[in-house]
Amino acid sequence: MIIFDHVSKTYPRTTRPALDDVSLEVERGEFVFVVGQSGSGKSTLLRLVLREDVPTSGRILVAGRNVARLPDRKVPRLRREIGTVFQDFRLLPGKTVYANVAFALQVIGTSRSTIRQTVPETLAMVGLEGKEKRLPHELSGGEQQRVAIARAVVNKPAILLADEPTGNLDPATSADIVALLERINRRGTTVVMATHDHEIVNSYRKRVVELQTGVLQRDVAGGSYEVTG
Ligand code: ADP
Ligand code: ADP
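To keep things clear, this report deals only with the structure shown in the data block. If you're wondering where the values come from, they're calculated on a predicted model, not measured in any experiment.

## Focus: the sheet that holds strand S7 (residues 159-163)
Here we have six strands laid out as an open sheet, ordered S6-S7-S8-S3-S9-S10, and mixed in their pairing. Here the strands that pair on one side only, and so sit at the sheet edges, are strand S6 (82-86) and strand S10 (215-220). Across the sheet, the axes of successive neighbouring strands diverge by a mean angle of 15°, strand direction being ignored. As judged from the five bridges shared by strand S9 (residues 207-212) and S10, these two strands associate in the antiparallel manner. Counterpart to Val 208 in the pairing with S10 is Val 220. Here helix H1 (residues 42-49) sits on the sheet and contacts strand S3 (31-35), S6, S7, strand S8 (190-195) and S9; the angle it forms with S7, its principal contact strand, is near 150°.

This is the structure:
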């Protein structure tokens, strides 16, 4: 589903690569934790999958497309296949829970009848039934992240990318959010979650891809994330 083939990324006006000769393959249906300290390259990796940036060298395939070479006009279609979730939720503050999720379908031209069917189903799936009319600021952090996850998956993307999705949440709420991502994964969505939360990674024993200053340090199934110097 995602292939990185000797991918390096050096940002303009920097000396050290943010990603340094990274090769990895994520199969359809996998759940992968991408771990590493702040600045290790996790966000860069996710941004390259989304074609928010292009690699300096190497090849990236996402859902069969060579994303570095994808013409700009084909980028929207790529992104439709990838849901995204961030640490800071990024909800539309003036829109209700329902409208935030419905908006993701409206912008891709989904019919009103499909929207009216799909949005309530998705809100129920993430555990937000009864909250449809709330505004984001009326919700707890965990609830806001559930709205963001509902919005990310409402059009049934093949891939869900989550960049530090629990970074603003307490441990119990974080565990609920990861459990939700795991449930979404079991329904067939490939999930890649960047995190530096040792406790979460160690309690799930999923595949762990560890970056250290841009270098892929470790890639292990059922792995842990040890605190190292
Ligand atoms: P992480 O997500 O693990 O914190 P990032 O991918 O954000 O790591 O950053 C990796 C490295 O690339 C860091 O050294 C960071 O300072 C650098 N970097 C990230 N984005 C940019 C940018 N737009 N321009 C220059 N350097 C960047
Ligand atoms: P938590 O205890 O998880 O931090 P909150 O105390 O923020 O959660 O919210 C508890 C419940 O009250 C949530 O379901 C939230 O939707 C609702 N709520 C919080 N603030 C408001 C508000 N200003 N107006 C309406 N509902 C609210």
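Structure shown, so let's carry the discussion forward.
## Describing a nonpolar patch on the surface
Together, Leu 92, Phe 103 and Val 107 give the surface a local cluster of nonpolar side chains, amounting to about 240 Å² of exposed area. In this structure, Val 107 sits in the loop between helix H3 (97-106) and helix H4 (112-125).

## Observations regarding the packing of aromatic side chains
Counted according to the given criterion, the structure contains two aromatic pairs. A centroid spacing of 5.2 Å and a plane angle of 70° characterise the contact between Phe 31 and Phe 33, whose relative ring orientation is edge-to-face. Here the two residues Phe 31 and Phe 33 agree in accessibility, since each one is buried. Aromatic rings pair up to connect Phe 31, Phe 33 and Tyr 204 into one cluster.

## Description of H1
Among the eight residues that make up H1, six are buried, leaving the element largely enclosed by the rest of the structure. Among the residues of H1, those classed as buried are Lys 42, Thr 44, Leu 45, Leu 46, Leu 48 and Val 49.

## Side note on the pattern of salt bridges
All chains considered together, the criterion is met by 13 salt bridges. With a shortest N-O distance of 3.1 Å, Arg 65 and Glu 81 are connected by a salt bridge. Linking Arg 65 in strand S5 (residues 65-66) with Glu 81 in the loop between helix H2 (75-80) and S6, this pair joins segments that are 16 residues apart in sequence. What makes Glu 81 partly exposed here is its relative accessible area of 27%. The salt bridge involving Asp 88 is made with Arg 90; its shortest N-O contact spans 2.9 Å. For Arg 90, a relative accessible area of 47% translates into the label partly exposed.

So, how was this worked out
- Residues numbered from 1 in each chain as written.
- Chains lettered and ligands numbered in written order.
- Predicted model: local features only at pLDDT ≥ 70, side-chain atom pairs only at ≥ 80, totals over all residues.
- Heavy atoms only, no water.
- Pairing = 2+ DSSP bridges.
- Helix = DSSP H or I, 4+ residues; strand = E, 2+ residues; numbered from the N terminus.
- Axes fitted to C-alpha atoms, helices over the stretch in contact; angles between N-to-C directions.
- Contact = heavy atoms within 4.5 Å.
- Patch = residues over 30% accessible without salt bridge, like charges linked within 9 Å, V, L, I, M, F, W, Y side chains within 5 Å.
- Areas by Shrake-Rupley, 256 points an atom, 1.4 Å probe, with all protein chains shown as cover.
- Salt bridge = Lys/Arg side-chain N within 4 Å of Asp/Glu carboxyl O.
- Phe/Tyr/Trp six-rings, centres within 6.5 Å; stacked < 30°, edge-to-face > 60°.
- Buried < 20%, exposed > 50% of the residue type's maximum accessible area, 1.4 Å probe, protein only.

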